[in-house]
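Chain residues, written in single-letter form:
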Amino acid sequence: MLPRKSIIPEEFALPGLVSRIPRKPVFRDRINKARFIAKSGSCNLAHKNIREQGRFLQDVFTTLVDLKWRFTLVMFTMSFLCSWLLFAMGWWLVAFAHGDLDTNRKAGIEQCVTNVKSFTSAFLFSIEVQVTIGFGGRMITEQCPTAILVLILQNIAGLIINAIMLGCIFMKTAQSHRRAETLIFSRNAVIAVRNHRLCFMIRVGDLRKSMIIGATVRLQVVRKTTTPEGEVIPIHQIDIQTESAASSNNMFLLAPLIICHVIDKDSPLYDLSAMELQCSDLEVIVILEGVVETTGITTQARTSYVAEEIQWGHRFVPIVTEEEGVYSVDYSKFGNTVKVPTPKCSARELDEKPFILIQTMQKSELSHQNSLRKRNSMRKNNSMRRNNSGLMMPKVQFVTPECNQNITAT
């Protein structure tokens, strides 16, 4: 049997030191990777090599709503212009077939459409029919059944175009993500001790007075994982539990709330310490959903937190105060945090060794008492210096030239 090799270098080995010392984990530098969800809530995902482009045409309305505004306005304008030109050609053909454009036509023969003598007049009549302006200079007569049929077709086509394009414009202006612009999240997330447990916390708020009905908050951890079979999952989404009110449509988002996730044995953050968290590549996604009170449209706001945006050992400062019988929210302190005593170990180690939390709290209390003592001693020293300076003021003699008498003042 080969002797066990020591893990400690020989130049640092001490006599009698046991070689079975557990080796500390080696942390690698974190590689900056792309975020899956941006801070603004947009998905950082690019779709490439889509071969079945025809599927987008099967849902034309959704495709029009998803287009950018400049393309939507171009489609809105071109749809009306093309329909006016198309039916203007139809009216011109009807007038041409009936002989209304002939300058040598016999008197007494009534026209299909009065005062349509060129393509320009036919185009103006097409606009009058579709938008129901009716200037009165041009009108259809009962001489041509074909003209009556063209009139019916243009009215139906005009109603369809109006319904589609105006509905598209309305849906674009009333999209749910517009309401999500006033739903805000804290810039950083924090990890601190709450109720003797390590907790992951964020703060959410609503800037509008109109409320979000049935608001829910979902948290997901996204990271790259490898299964025991060797399969690499680049975007592995793991749901993490929040407080019961935040996850079950019972959240009353009247004032800014702190969403808390207890890091227990079922949490993907259970084995991460403060140092390991900074070296990890995980991303915590926060999804806030609810129904807008004024419009009844379901809205969704999203954000994410990477390792650099998670502050270990911090807590959010209170921002709700009561002023003259009214609760006031100071949004200038929405993302402010303060340091609190928090163990640097993982939640697993904290569960296995509860005394770590007790020692951390005791050290924090001792340091707080020492700081108070130093502060009190400094105050006493300053007060004593002020008193001594008042008692030891030098005497000053004033000589009056008139009577040459010395006047002593202190």
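Model, not experiment: these values are computed from the prediction.

### Structural notes on the overall build of the protein
Then step 1. From N to C terminus, the protein includes ten helices and 15 strands.
Then step 2. Considering the protein as a whole, with its 410 residues, one finds that 31% of them fall into the buried category.
Then step 3. In the protein, once contacts between residues fewer than 6 apart in sequence are set aside, the share between residues at least 24 apart is 63%.

### A look at the pairing of strand E2 (residues 189-194)
Looking along a regular strand, one sees the side chains alternate between the two faces of the sheet.
Then step 1. With five of six residues buried, E2 lies mostly within the body of the structure.
Then step 2. Note: E2 against strand E9 (residues 310-312), three bridges, orientation parallel. In the strand pairing of E9, Ala189 is matched with Ile310.
Then step 3. Between E2 and strand E3 (residues 197-206), which pair antiparallel in sequence order, lie two residues; one of them, Asn195, sits at a positive phi of approximately 55 degrees.

### Some points on the nonpolar core
Then step 1. Counting 39 residues, the largest nonpolar core has Ile191, Leu198, Phe200, Ile202, Leu282, Leu288 and Ile310 as the members making the most contacts within it.
Then step 2. The residues contacting Leu198, other than those within four sequence positions of it, are Ile191, Ala192, Val193, His261, Val262, Ile263, Trp312, Thr342, Cys345, Ser346, Ala347 and Leu350.
Then step 3. In terms of nonpolar packing, the next biggest core, distinct from the first, is built from 13 residues, Phe87, Trp91, Val116 and Phe125 among them.

### Topic: a nonpolar patch on the surface
Then step 1. On the surface, Phe61, Ile148, Ile152, Ile156, Ile160, Ile164, Phe170 and Met171 cluster together to form a nonpolar patch covering roughly 720 Å² of accessible area.
Then step 2. Locating Ile148 in the fold gives a position in helix H5 (residues 145-173).
Then step 3. Residue Ile148 is classed as partly exposed on the basis of its relative accessible area, which comes to 38%.

### What to know about the pattern of salt bridges
Then step 1. Inspection of the entire model under this criterion finds five salt bridges.
Then step 2. What emerges from the salt-bridge pattern is a single network uniting Arg35, Lys39 and Glu309.

### Considering the pairing of strand E4 (residues 212-226)
Then step 1. Judged from the nine bridges that link them, E4 and strand E7 (residues 283-292) form a sheet pairing that is antiparallel. For Leu219, the partnering residue across the bridge sits in E7 and is Val286.
Then step 2. Pairing of E4 with strand E5 (residues 232-240), which is carried by seven bridges, proceeds in the antiparallel orientation. Counted as the bridge partner of Val221 is Ile238 from E5.
Then step 3. The antiparallel pairing of E4 with E5 creates a hairpin that spans five residues between the two strands, and Gly230 there sits at a positive phi of about 95 degrees.

### Brief notes about the packing of helix H3 (residues 69-98) against helix H4 (residues 119-130)
When two helices pack together, their arrangement is given by the angle between their axes and by how far apart the axes lie.
Then step 1. At a minimum axis distance of 8 Å, the contact between H3 and H4 shows a crossing angle of 120 degrees. Judged on the interaxial angle alone, H4 and H3 are oblique. As H3 runs across H4, the sense of the crossing is right-handed. Where H3 approaches H4, its residues Phe80, Ser83, Trp84, Leu85, Phe87, Ala88, Met89, Trp91 and Trp92 are matched on the opposing element by Phe119, Ala122, Phe123, Phe125, Ser126, Ile127 and Gln130.
Then step 2. Among the residues making up the contact of H3 with H4, the classes are represented as 13 nonpolar, three polar and no charged.

### A short note on unusual backbone geometry
Backbone geometry follows two general trends: most residues other than glycine have a negative phi, and most peptide bonds adopt the trans configuration.
Then step 1. Positive phi outside glycine occurs at Asn115, with the angle close to 65 degrees.
Then step 2. For Asn115, the position within the fold is in the loop between H3 and H4.
Then step 3. Owing to a relative accessible area of 39%, Asn115 belongs among the partly exposed residues under this scheme.
Then step 4. The phi angle at Asn195 is positive, at roughly 55 degrees, despite the residue not being glycine.
Then step 5. Considering the arrangement of structural elements, one finds Asn195 in the loop between E2 and E3.

### Focus: the packing of aromatic side chains
Then step 1. Scanning the entire structure with this criterion turns up five aromatic pairs.
Then step 2. A ring pair is formed by Tyr331 and Phe334, whose centres lie 6.1 Å apart and whose planes are at 25 degrees; its orientation type is stacked.
Then step 3. We classify Tyr331 as partly exposed; its relative accessible area is 31%.
Then step 4. These aromatic residues form a ring-pair network of at least three members: Phe76, Phe80 and Trp84.
Then step 5. Over the face of the ring belonging to Trp69 we find Lys172, whose NZ or CZ atom lies 5.1 Å from the ring centre.

Here is what the cut-offs are and how they apply
Residues numbered from 1 in each chain as written. Predicted model: local features only at pLDDT ≥ 70, side-chain atom pairs only at ≥ 80, totals over all residues. Heavy atoms only, no water. Helix = DSSP H or I, 4+ residues; strand = E, 2+ residues; numbered from the N terminus. Buried < 20%, exposed > 50% of the residue type's maximum accessible area, 1.4 Å probe, protein only. Contact = heavy atoms within 4.5 Å. Pairing = 2+ DSSP bridges. Core = buried A, V, L, I, M, F, W, Y, C linked by side-chain atoms within 4.5 Å. Patch = residues over 30% accessible without salt bridge, like charges linked within 9 Å, V, L, I, M, F, W, Y side chains within 5 Å. Areas by Shrake-Rupley, 256 points an atom, 1.4 Å probe, with all protein chains shown as cover. Salt bridge = Lys/Arg side-chain N within 4 Å of Asp/Glu carboxyl O. Axes fitted to C-alpha atoms, helices over the stretch in contact; angles between N-to-C directions. Parallel < 35°, antiparallel > 145°, perpendicular 65-115°, else oblique. Left-handed = near helix turned anticlockwise from the far one by under 90°. Nonpolar A, V, L, I, M, F, W, Y, C, P; charged D, E, K, R; others polar. Phe/Tyr/Trp six-rings, centres within 6.5 Å; stacked < 30°, edge-to-face > 60°. Lys NZ or Arg CZ within 6 Å of the ring centre and 35° of its normal.

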